[in-house]
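Structural overview
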2 protein chains.
Amino acid sequence: MPTLRTAEVARLAGVNVETLRFYERKGILPEPPRRASGYREYPPETVERVKFIKRAQELGFSLSEIQNLLDLRQMTGGKSDRVKHLAEAKVEEIDHKIRDLEAMKRSLTDLLRACDGRRAIASCPIIESLGGCPRCIGGKSEPPTEGTTP
Amino acid sequence: MPTLRTAEVARLAGVNVETLRFYERKGILPEPPRRASGYREYPPETVERVKFIKRAQELGFSLSEIQNLLDLRQMTGGKSDRVKHLAEAKVEEIDHKIRDLEAMKRSLTDLLRACDGRRAIASCPIIESLGGCPRCIGGKSEPPTEGTTP
DNA sequence: CTTGACTCCGTACCATACTTCGGGGTTGAT
DNA sequence: ATCAACCCCGAAGTATGGTACGGAGTCAAG
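Residues numbered from 1 in each chain as written. Chains lettered and ligands numbered in written order. Predicted model: local features only at pLDDT ≥ 70, side-chain atom pairs only at ≥ 80, totals over all residues. Heavy atoms only, no water.

**What to know about the confidence of the model for chain A**
The predicted coordinates should not be examined in detail at positions where pLDDT is low. Residues and elements named next belong to chain A. Stated formally: In predicted models, pLDDT denotes the confidence assigned by the predictor to each residue on a 0 to 100 scale. Helix numbering and strand numbering both begin at the N terminus, where a helix is a DSSP run of H or I of at least 4 residues and a strand a DSSP run of E of at least 2. By the convention used here, residues are in contact when the closest approach between their heavy atoms is within 4.5 Å.
Scored by pLDDT, chain A comes out at a mean of 82, with 75% of its residues at no less than 70. Mean pLDDT in chain A bottoms out at helix H6 (residues 125-129), which sits at 72, and peaks at helix H2 (residues 17-26), which reaches 98. Across residues 133-150, confidence stays below pLDDT 50; counting only partners more than four residues off in sequence or on other chains, it has 15 contacts.

Spelled out as structure tokens, the structure:
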């Protein structure tokens, strides 16, 4: 199967047909070749591209950020300096997300341990889990006090 | 400083004043006590709560998901079973996000290594980085073919 | 050569997450 | 007392990311 039609791509990627047109209008999917009739003929890798887009959205990236990520991937021959910068910034951003997700996970597993232990948890760790965000204003002015709701 | 006014909370949390009212309407911020005049008097931890909300959004959670997370944190005394289930599901979800972000990071660092090496990268790893998503339809039917743009 | 499924397109509509507007009351410093 | 700066509210507007509609053309099987 060399090429796919819209309904096939949509089904395989788990999205609505209209979403494909929408992405194309937005420039996040390249315009596929057409038959004489005007029907789109998608290359099969489109499916993976769409899946990537959907998943990246769930990871907190906007469509325009995702577009940048995808462009990055294509630009590997040209002026590497700008690409390198962008990629490095993205890596840092991703690292930051990973760290915060790990903190969130930790506070949830703490919560679970407290449930298992059948005793109430002392503090409210979930919010604190993202409290140490380094790019924020005051830079962690308050020490991690206990007793948030007395 | 025992309580804060809207503008103070907004400034400290890095959001618009109206966002606080919006969150309150949505129920994601609890209604703070008021003065006789109607002015809100926020407890200082509101700032951390709002920062948490903003960051959790950047990690791909919607406001209603965030509300669930925050509720979870409060429910640690009651019927632990449901709470436990929810928390466990959230931990899995977070793990999945972490794994995918790590895959994305890996493919970006690969890209960077290729840049450093001053040679073009062979394949298109970024999209493949999220290709192995287990909850997707066919379950990775296509082998990772090379030659994406012939 | 008809029929039903699929495709095209533009436009309009929807949900989420805010932001702006407009008009009026409160606070607190001078 | 006055006045800027702040606060209140409801309602309307914006941006993003789609989804639905409707009318017309296309494709492939019978």
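**Here we look at the protein's contact with DNA strand D**
Test applied: The nearness test applies per residue and asks whether one of its heavy atoms lies within 4 Å of the molecule or strand. Side-chain atoms alone can form a polar contact between residues adjacent in sequence; in general such a contact is a pair of N or O atoms within 3.5 Å, and within protein one must be able to donate a hydrogen while the other accepts it. Side-chain classes follow a simple rule in which Ala, Val, Leu, Ile, Met, Phe, Trp, Tyr, Cys and Pro form the nonpolar group, Asp, Glu, Lys and Arg form the charged group, and the remainder, Gly included, forms the polar group.
With respect to spatial proximity, 20 residues lie near DNA strand D, and among them Thr19, Tyr39, Lys54 and Gln57 of chain A together with Arg40 of chain B are the closest. Contact between DNA strand D and tyrosine 39 of chain A: a base nitrogen at 2.5 Å from a side-chain N or O atom of the residue. In this structure, arginine 34 of chain B approaches DNA strand D through a side-chain N or O atom, which is 2.9 Å from a phosphate oxygen. Put simply, the parts of the chain that give the surface near DNA strand D at least two residues each are H2 and helix H3 (46-58) of chain A together with helix H1 (6-13) of chain B. If one sorts the elements of the surface near DNA strand D by residue count, H2 of chain A sits on top with 4 residues. Classifying every residue of the surface near DNA strand D by side-chain character gives 6 nonpolar, 7 polar and 7 charged.

**Quick look at the protein's contact with DNA strand C**
The environment of DNA strand C is made up of 19 residues, and the closest members are Arg40 of chain A together with Thr19, Tyr39, Lys54 and Gln57 of chain B. Protein-adjacent atoms of DNA strand C, using a 4 Å cutoff, are sugar or phosphate at a proportion of 72%. Side-chain polar atom of tyrosine 39 of chain A to a base oxygen of DNA strand C: 3.1 Å apart, as the coordinates give it. The contact in question runs from a base nitrogen of DNA strand C to an N or O atom on the side chain of tyrosine 39 of chain B, over 2.5 Å. Going through the elements one at a time, helix H1 (6-13) of chain A together with helix H2 (17-26) and helix H3 (46-58) of chain B are the ones with two or more residues in the surface near DNA strand C. When residues in the surface near DNA strand C are grouped by element, the largest group, 4 residues, is from H2 of chain B. Residue composition of the surface near DNA strand C, grouped by class: 6 nonpolar, 7 polar and 6 charged.

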